[in-house]
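Each chain, written out:
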Amino acid sequence: WEALWDAERAEVVRRIVDNGWGWDQGANKITGPGGFEVDLNACPVGWDPYGGLEGGVITLGQVLDQSGPSTEDGVSQGLYYDYVNRHGGISDSTGTTYTIVNDIRDDDAHVGQTQPIVDQLLAAGTFTIQTAGSATTAHVYDKIHASCVPDPVVLSGLPAWNDPENNPWVWGQQLAHNTE
């Protein structure tokens, strides 16, 4: 599996390089397949594209129900991150290696608890924030989007999370409910 993943990652990197996709620091924008473009000039003053990457650590924030039926999501991801850390962490394209710190917080799948947790994670400068559920994510995605912090694997099938033109910072992990 490791060899397969390495080969697949190399192919993705090749496609990015061949197509000129990525972060154009001069224009301060990100481009990708299908005309995907994010204008980083729209990010808030003081935004740090390297926020959450510090001292060889990548800090991931998660707002997940940890006291109800969805507890396996955070537990299984934590086990995977532990595995990655035990096997050398994550190396970026410059060769810098990071270990993963998974800052997981329980919102009990309650919309009223999600907002203050997201505020705390944004203030802490996490690299990403992962939310779960259509209702809780809908309650905070505008703030996450305005902060230019990725919410890369929303555990929800709401079609809005798979709309990179309007929501480039928040995208879903699963198929949209209307296409399942």
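Data block above holds the structure.
1. Thoughts on the state of the cysteines
Part 1 of the argument: In this structure the tally under the stated criterion is one disulfide.
Part 2 of the argument: Disulfide pairing is shown between Cys43 and Cys148; the S-S distance is 2.1 Å. A torsion of -105° about the S-S bond marks the disulfide between Cys43 and Cys148 as left-handed. Remark: Cys148 occurs in the loop between α4 (134–147) and β9 (151–154) and Cys43 occurs in the loop between β3 (37–39) and β4 (53–54); sequence separation between them is 105 residues. With respect to class, Cys43 is no different from Cys148; both count as buried.

2. Quick word on α4
Part 1 of the argument: For α4, which comprises 14 residues, the first-to-last C-alpha distance of 19 Å matches the rise-based estimate of 20 Å (1.5 Å per residue) to within 8%.
Part 2 of the argument: Where α4 bends most, at Val140, the angle is about 45°.

The rules behind the values
- Residues numbered from 1 in each chain as written.
- Predicted model: local features only at pLDDT ≥ 70, side-chain atom pairs only at ≥ 80, totals over all residues.
- Heavy atoms only, no water.
- Disulfide = S-S within 2.5 Å.
- Helix = DSSP H or I, 4+ residues; strand = E, 2+ residues; numbered from the N terminus.
- Buried < 20%, exposed > 50% of the residue type's maximum accessible area, 1.4 Å probe, protein only.
- Expected span 1.5 Å × (residues − 1).
- Bend = angle between axes of the 7 residues up to and from the residue.

None of this, on its own, says anything about what the molecule does.
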